[in-house]
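Coordinate inspection notes
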2 protein chains.
Amino acid sequence: MNIGEASKQSGLPPKTIRYYEDRGLIAPPARAENGYRDYNDTDVHKLRFVRHSRGLGFSVDECSQLLSLYEDKGRQSADVKVIAQKHLTEIDEKIRELQELRSTLHHLVNTCQGDGRPDCPILEGLANPS
Amino acid sequence: MNIGEASKQSGLPPKTIRYYEDRGLIAPPARAENGYRDYNDTDVHKLRFVRHSRGLGFSVDECSQLLSLYEDKGRQSADVKVIAQKHLTEIDEKIRELQELRSTLHHLVNTCQGDGRPDCPILEGLANPS
DNA sequence: CTTGCCCTTCTAGTCACTGGAAGCTTATAT
DNA sequence: ATATAAGCTTCCAGTGACTAGAAGGGCAAG
């Protein structure tokens, strides 16, 4: 199947599929006689795996590791868990940062009248943060 | 004062200060006789303003707008509030996405034994998400 | 005088794509 | 049969917000 069909079935844009090939994430597929990439169901399956992994915020490198483990029938689930756990910790950290930031910003927005006058606690807060 | 001192007082790396100048965020400062950038307290004050704005996650373009409003004594606080409110909405959205993602990942991590066996619900979940 | 740090500019790399150009091949419509 | 459109190929460049590094000049202390 051509890259367009693989794109439809995997949910990844053709550009992204080629990019993943360049990055070494997905092995180069077979080529048809006309030079077009020729994907099979296994290729598509892996592309979907990568899409879901990326969707959960794993980096492309992490996806590469996960995909290797997925294909390694002798893997240890502990190796997978380490990667996932590390990522989970990073997400938790990111959420905490965003919530703190949100709290500060929310406070600033709430104290600003938002009218035609120039007095603005938001700008004051940015200039002289507490 | 040289860029190094402005860096210390503003909390921004010299490279970043030059980058902001390139981006048109901060007007080019005076130059000393030796060609070095020569910052004054007002410059540093603006740099600090930008640092705090960026710290709250405003984009460089948004920082540019906020800084213009900060310097415009005839501004309307409503203009500021619109920018901040929009950013707040984006942060809320980002937090929601991350929390959903976290929930899925947390579930996967929790159901994985993480031992020497190859069976791994994380990989299964990535291959066949529900 | 030389060592070492600070300053200058410019280029290029990061991450994960995405857009576009130029040139094939294939499918569809007339 | 032909015109056109869509799909494929490669390669180059741009995104955001820096950051690293190279090559060169300035300046104070030992």
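Look up a bit, the structure's there.
These notes cover the structure that comes with them. (Residues numbered from 1 in each chain as written. Chains lettered and ligands numbered in written order. Predicted model: local features only at pLDDT ≥ 70, side-chain atom pairs only at ≥ 80, totals over all residues. Heavy atoms only, no water.)

**A look at the overall build of chain A**
Put simply, the test is: Helical segments are the DSSP runs of H or I of at least four residues, strand segments are the runs of E of at least two, and each set is numbered from the N terminus. Within these notes, the globule rule equals 2.2 Å times the number of residues to the 0.38 power, and the radius of gyration is based on C-alpha atoms. Categorising residues by exposure relies on relative accessible area from a 1.4 Å probe, with only protein chains included: less than 20% of the type maximum marks a residue as buried, more than 50% marks it as exposed, and the intermediate range marks it as partly exposed. The contact criterion used is simple: two residues touch if any of their non-hydrogen atoms lie within 4.5 Å. Here the Shrake-Rupley method, with its probe set to 1.4 Å, supplies the accessible areas, and only the displayed protein chains count as covering residues.
Counting its regular elements, chain A contains six helices and two strands. Mapped from its N terminus to its C terminus, chain A presents α and β elements in the order α-α-β-β-α-α-α-α. Here the C-alpha atoms of chain A give a radius of gyration of 23 Å, more than 25% beyond the 14 Å that 2.2 N^0.38 yields for 130 residues. Counting only C-alpha atoms and orienting by the principal axes, one finds that chain A spans roughly 70 × 40 × 20 Å. Counting over 130 residues, chain A shows a buried share of 38%. Counted over contacts in chain A with a minimum sequence separation of 6, partners at least 24 positions apart contribute 45%. For chain A, the exposed area adds up to about 7,200 Å²; of that, 46% sits on carbon and sulfur atoms.

**So, the protein's contact with DNA strand C**
Threshold: By convention in these notes, a residue is near a molecule or strand provided one of its non-hydrogen atoms lies within 4 Å of it. Counting of polar contacts relies on pairs of N or O atoms within 3.5 Å, with two restrictions inside protein: one atom must be capable of donating a hydrogen and the other of accepting it, and residues adjacent in sequence are counted only when both atoms are side-chain atoms. Polar here means any residue outside two lists: the nonpolar Ala, Val, Leu, Ile, Met, Phe, Trp, Tyr, Cys and Pro, and the charged Asp, Glu, Lys and Arg; Gly therefore counts as polar.
In the neighbourhood of DNA strand C, 19 residues make up the surrounding shell, with Lys15, Tyr20 and Arg54 of chain A together with Gly4 and Arg37 of chain B lying closest. Within 4 Å of the protein, the contacting atoms of DNA strand C are 68% sugar and phosphate, with bases supplying the remainder. Side-chain polar atom of Tyr19 of chain A to a base nitrogen of DNA strand C: 3.5 Å apart, as the coordinates give it. In the model, a phosphate oxygen of DNA strand C is placed 3.2 Å from a nitrogen or oxygen of the Asn34 of chain A side chain. At four residues, the largest contribution of residues to the surface near DNA strand C is made by helix α2 (residues 14–22) of chain A. Of the residues belonging to the surface near DNA strand C, the class tally is seven nonpolar, six polar and six charged.

**A look at the protein's contact with DNA strand D**
Close to DNA strand D lie 18 residues; Gly4 and Tyr36 of chain A together with Lys15, Tyr20 and Arg54 of chain B are nearest. Restricting the count to atoms of DNA strand D within 4 Å of the protein gives a sugar and phosphate share of 67%. The contact in question runs from a phosphate oxygen of DNA strand D to an N or O atom on the side chain of Arg31 of chain A, over 3.2 Å. A distance of 2.5 Å separates a phosphate oxygen of DNA strand D from a polar side-chain atom of Tyr20 of chain B. The set of elements that each furnish at least two residues to the surface near DNA strand D consists of α1 (3–10) of chain A together with α2 (14–22) of chain B. Across the surface near DNA strand D, the residue classes tally to seven nonpolar, six polar and five charged.

**Focus: the environment of Gln9 of chain B**
Residues and elements named next belong to chain B. Locating Gln9 in the fold gives a position in helix α1 (residues 3–10). For Gln9 and His45, which are 36 residues apart along the polypeptide, the C-alpha to C-alpha distance reads 8.8 Å. With near-sequence residues (within four places) excluded, Gln9 lies in contact with Met1, Val44 and Arg48.

**Description of the nonpolar core**
Heads up, the rule is: Residues belong to a common nonpolar core when they are buried Ala, Val, Leu, Ile, Met, Phe, Trp, Tyr or Cys residues joined through side-chain atoms within 4.5 Å. Either an automatic procedure or a domain database provided the assignment from which the domain bounds are taken.
In this structure, Ile122 of chain A together with Ile122 of chain B are the most contacted members of the largest nonpolar core, which totals 74 residues. Split by domain, this core shows at least three residues from each of two domains, domain 1 (1–75) and domain 2 (77–130) of chain B. When neighbours within four sequence positions are excluded, Ile122 of chain B is seen to be in contact with Val80, Lys81 and Ala84 of chain A together with Leu108, Val109 and Cys112 of chain B.

**Points about the interface of chain B and chain A**
The cut-off we apply is this: In short, buried area is how much 1.4 Å probe accessible area vanishes from two parts on joining, totalled over both. Salt bridges are defined as contacts in which a side-chain nitrogen from Lys or Arg sits within 4 Å of a carboxyl oxygen from Asp or Glu.
With 51 residues of chain B in contact, the opposing surface of chain A contributes 51 residues. Taken together, both faces of the contact between chain B and chain A bury some 4,300 Å²; the carbon and sulfur share is 74%. Considering only the surface of chain B that becomes buried against chain A, Leu56, Leu123 and Leu126 of chain B emerge as the three largest contributors, covering 15% of it. At the surface where chain B touches chain A, the tally comes to two salt bridges. Note that Arg102 of chain A is salt-bridged to Asp92 of chain B, the shortest N-O span being 2.5 Å. Elements represented by at least two residues in the side of chain B that touches chain A include exactly α3 (41–55), α4 (60–71), α5 (77–111) and α6 (121–127) of chain B. With 21 residues, α5 of chain B is the single largest residue contributor to the side of chain B that touches chain A. Of the residues assigned to the side of chain B that touches chain A, the class counts are 25 nonpolar, 16 polar and ten charged.

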